[in-house]
Amino acid sequence: MRNTSTIILIIVVVVLGFAGCASCGTYNNLIGQEEAVEEAWGNVQTAYQRRADLIPNLVNTVQAAGDFEQETLQAVTEARARATSINVSADDLRDPSSLAQFQQAQSQLSGALGRLLVVSENYPQLRATDGFRDLQVQLEGTENRINTARTRYNGVVRQYNTAIRTFPAAMFAGIFGHSRRSPFEAESGAQNAPEVNFDS
């Protein structure tokens, strides 16, 4: 009888030991993936900050050209102010509405910049300046960086969200305070091809 209870106790201790090791490994893995999500989000914010930093230079260069359309410049300046006023922390990434609000402000800024560059086509003396051309190239590169950072962020979020939903991590994720993170999504209407009109 004594040997049976000793064997049962050893089995219980071994099972609890394995469960403890598994939960520690799972916890450490989730922490590592959560840190990767936060790092990727930091890279997204850095790319957006680079764009926000370039905009005043672009506006000043355009204003120096003289009689440029002030309404367009004001729209860019206001869109930049809205975009930089919305801060999304790593904790806010659990709330899809926070990320959607951030994404909407950034999209408005992209739209205003796009209008500025289209309107600038009507000003040959502006397009001829080296400063404007350099800023256009820098903005194009920055938009590519933003896209790359967002793509990488979405990849890391996918890995994290998959990890917290698969066994055995799914058993511990809620206990350890891990919840889904929101990826960037395409803007509404992005699936529609843009209309090209050469008549105007």
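Higher on the page you've got the structure.
In what follows, the accompanying structure is described.

Calculation notes
Residues numbered from 1 in each chain as written. Predicted model: local features only at pLDDT ≥ 70, side-chain atom pairs only at ≥ 80, totals over all residues. Heavy atoms only, no water. Phe/Tyr/Trp six-rings, centres within 6.5 Å; stacked < 30°, edge-to-face > 60°. Helix = DSSP H or I, 4+ residues; strand = E, 2+ residues; numbered from the N terminus. Buried < 20%, exposed > 50% of the residue type's maximum accessible area, 1.4 Å probe, protein only. Expected span 1.5 Å × (residues − 1). Arc of directions from axis to C-beta. Contact = heavy atoms within 4.5 Å.

It is worth spelling out the packing of aromatic side chains at this point. As enumerated under the stated definition, the model contains 7 aromatic pairs in all. Relative to F102, the ring of W41 has its centre 5.3 Å away and its plane inclined at 65°; by these criteria the two rings are edge-to-face. Taken together, the positions of W41 in helix α1 (residues 2–64) and F102 in helix α3 (residues 96–120) put the pair 61 residues apart, joining distant regions of the chain. Neither W41 nor F102 differs from the other in exposure class; each is buried. Each member of the aromatic cluster is reached from another via a ring pair, and the members are W41, Y48, F102, Y153 and F184.

So, on to helix α2 (residues 70–85). Turn by turn, an α-helix covers 3.6 residues, leaving residues three or four places apart pointing in a common direction. Between its terminal C-alpha atoms α2 stretches 22 Å, which fits the 22 Å expected from 16 residues at 1.5 Å a residue. Within α2, the full set of buried residues consists of T72, L73, V76, A79 and A83. When α2 is viewed along its axis, its buried side chains cluster within an angular range of 130° and face the same direction. Among the exposed residues of α2, those oriented more than 90 degrees off its buried face are E71 and S85.

Here the focus is the side chain of R51. You can see R51 is positioned in helix α1. Apart from residues lying up to four places away in sequence, R51 is in contact with Q106, L109, S110, L113, L139, T142, E143 and I146.

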